[in-house]
Amino acid sequence: MKKFGALITNAAMIALSVFMFVFMSQPYFTFKILGQETANNGYYFVENISTDKLTDDGKLVAAATLVLIIVASLLIVFALLNLLSSFNVIKSKQVAKILSLLTVLLALVAVVVSICALTGAANIGKKTSGNIGDFKF
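Residues numbered from 1 in each chain as written. Predicted model: local features only at pLDDT ≥ 70, side-chain atom pairs only at ≥ 80, totals over all residues. Heavy atoms only, no water.

Trainee: Any chance you could explain the nonpolar core here in plain terms?
Mentor: Nonpolar side chains tend to gather and get buried jointly when the protein is soluble and globular. Among the nonpolar cores identified, the biggest contains 13 residues, and M20, M24, L68 and A110 are the most heavily contacted of them. Of all the secondary structure elements, the ones that give two or more residues to this core are α1 (2–24), α3 (56–86) and α4 (93–127). The element that contributes the greatest number of residues to this core is α3, accounting for six residues. Not counting residues up to four positions away in its chain, the partners in contact with L68 are M20, M24, A110, V113 and S114. Within the second largest apolar cluster, six residues are counted, among which are V61, A62, A121 and I124. (Core = buried A, V, L, I, M, F, W, Y, C linked by side-chain atoms within 4.5 Å. Buried < 20%, exposed > 50% of the residue type's maximum accessible area, 1.4 Å probe, protein only. Helix = DSSP H or I, 4+ residues; strand = E, 2+ residues; numbered from the N terminus. Contact = heavy atoms within 4.5 Å.)

Trainee: Whenever I open this one, a nonpolar patch on the surface confuses me. Can you help?
Mentor: On the surface, a nonpolar cluster with roughly 540 Å² of combined accessible area is contributed by F4, L7, I8, L84, F87 and V89. Per-element accounting of the nonpolar patch gives the leading share, three residues, to α1. (Patch = residues over 30% accessible without salt bridge, like charges linked within 9 Å, V, L, I, M, F, W, Y side chains within 5 Å. Areas by Shrake-Rupley, 256 points an atom, 1.4 Å probe, with all protein chains shown as cover. Salt bridge = Lys/Arg side-chain N within 4 Å of Asp/Glu carboxyl O.)

Trainee: What am I meant to see in α4 here?
Mentor: The periodicity of an α-helix, 3.6 residues per turn, causes residues three or four places apart in sequence to face the same way. With 35 residues, α4 extends 51 Å between its outermost C-alpha atoms, agreeing within 8% with the 51 Å of an ideal straight helix rising 1.5 Å per residue. Where α4 is concerned, the buried positions are L99, T103, L106, A110, V113, A117, G120, A121 and I124. Here α4 starts with a cap whose side-chain oxygen sits 3.4 Å from the backbone nitrogen of V95, and that cap is S92. (Expected span 1.5 Å × (residues − 1). Polar contact = N/O pair within 3.5 Å; in protein donor to acceptor, adjacent residues only side chain to side chain.)

Trainee: Help me out: how do you make sense of the environment of N123 in this one?
Mentor: Checked against the element boundaries, N123 lands in helix α4. Between the alpha carbons of N123 and V61 there is a distance of 9.9 Å; along the sequence they are 62 residues apart.

Trainee: Where do I start with the packing of aromatic side chains in this structure?
Mentor: The description of an aromatic ring pair uses the distance of the two centres, along with the angle that the planes make with each other. Going through the model one piece at a time under the given rule, you end up with one aromatic pair. Geometrically, the ring pair formed by F19 and F23 is stacked, given 6.0 Å between the ring centres and 25° between the ring planes. Here the residue F19 and the residue F23 both occupy positions in helix α1, the gap between them amounting to four residues, near one helical turn. A relative accessible area of 53% means that F23 is categorised as exposed. (Phe/Tyr/Trp six-rings, centres within 6.5 Å; stacked < 30°, edge-to-face > 60°.)

Trainee: Would you mind going over the packing of α1 against α3 with me for this structure?
Mentor: For any two helices packed against each other, the geometry is given by the interaxial angle and the distance between the axes. At a minimum axis separation of 9 Å, α1 and α3 run at an interaxial angle of 160°. Between α1 and α3, the interaxial angle falls into the category roughly antiparallel. Along this stretch, α1 crosses α3, giving a crossing that reads as left-handed. Across from K3, A6, L7, N10, M13, I14, S17, V18, M20, F21 and M24 in α1, the residues of α3 making contact are T65, L68, I69, A72, S73, L75, I76, A79, L80, N82, L83 and S86. Taken together, the residues that form the contact of α1 with α3 break down as 16 nonpolar, six polar and one charged. (Axes fitted to C-alpha atoms, helices over the stretch in contact; angles between N-to-C directions. Parallel < 35°, antiparallel > 145°, perpendicular 65-115°, else oblique. Left-handed = near helix turned anticlockwise from the far one by under 90°. Nonpolar A, V, L, I, M, F, W, Y, C, P; charged D, E, K, R; others polar.)

The following block contains the structure:
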């Protein structure tokens with residue numbers, strides 16, 4: 001039964017890490033001004049992290065997204081290794097404990113960094129407004 005629980009939790013961590021990459025490709029913001037539509041996703045923020053195109057909140061989203069890419073990659077690797085140790089492919093008990101601890105810590109870091117990215121995105125959305133004649137955006 002322990003192996004089944006480890007299979008479910010590690011598979012869920014791997015799936016959620018893959019979903020992090022997928023969700024970063026979806027538009028965070030879509031601006032439609034005078035018929036022209038611009039969509040900014042997480043990878044747009046990472047591409048422009050060192051340019052002057054981003055505000056301070058945009059740089060927060062970019063830094064959090066970059067850290068989230070690294071953490072999600074590490075989470076996939078450590079969840080796979082944790083899965084191997086739970087099925088006795090990796091036989092050391094100490095390594096199994098360390099892998100389990102690192103997997104949980106990486107999941108917590110992913111949650112905290114995701115909250116930072118969402119906070120920055122919410123601040124960008126709150127600050128982005130304006131009027132062109134009778135049109136409010």
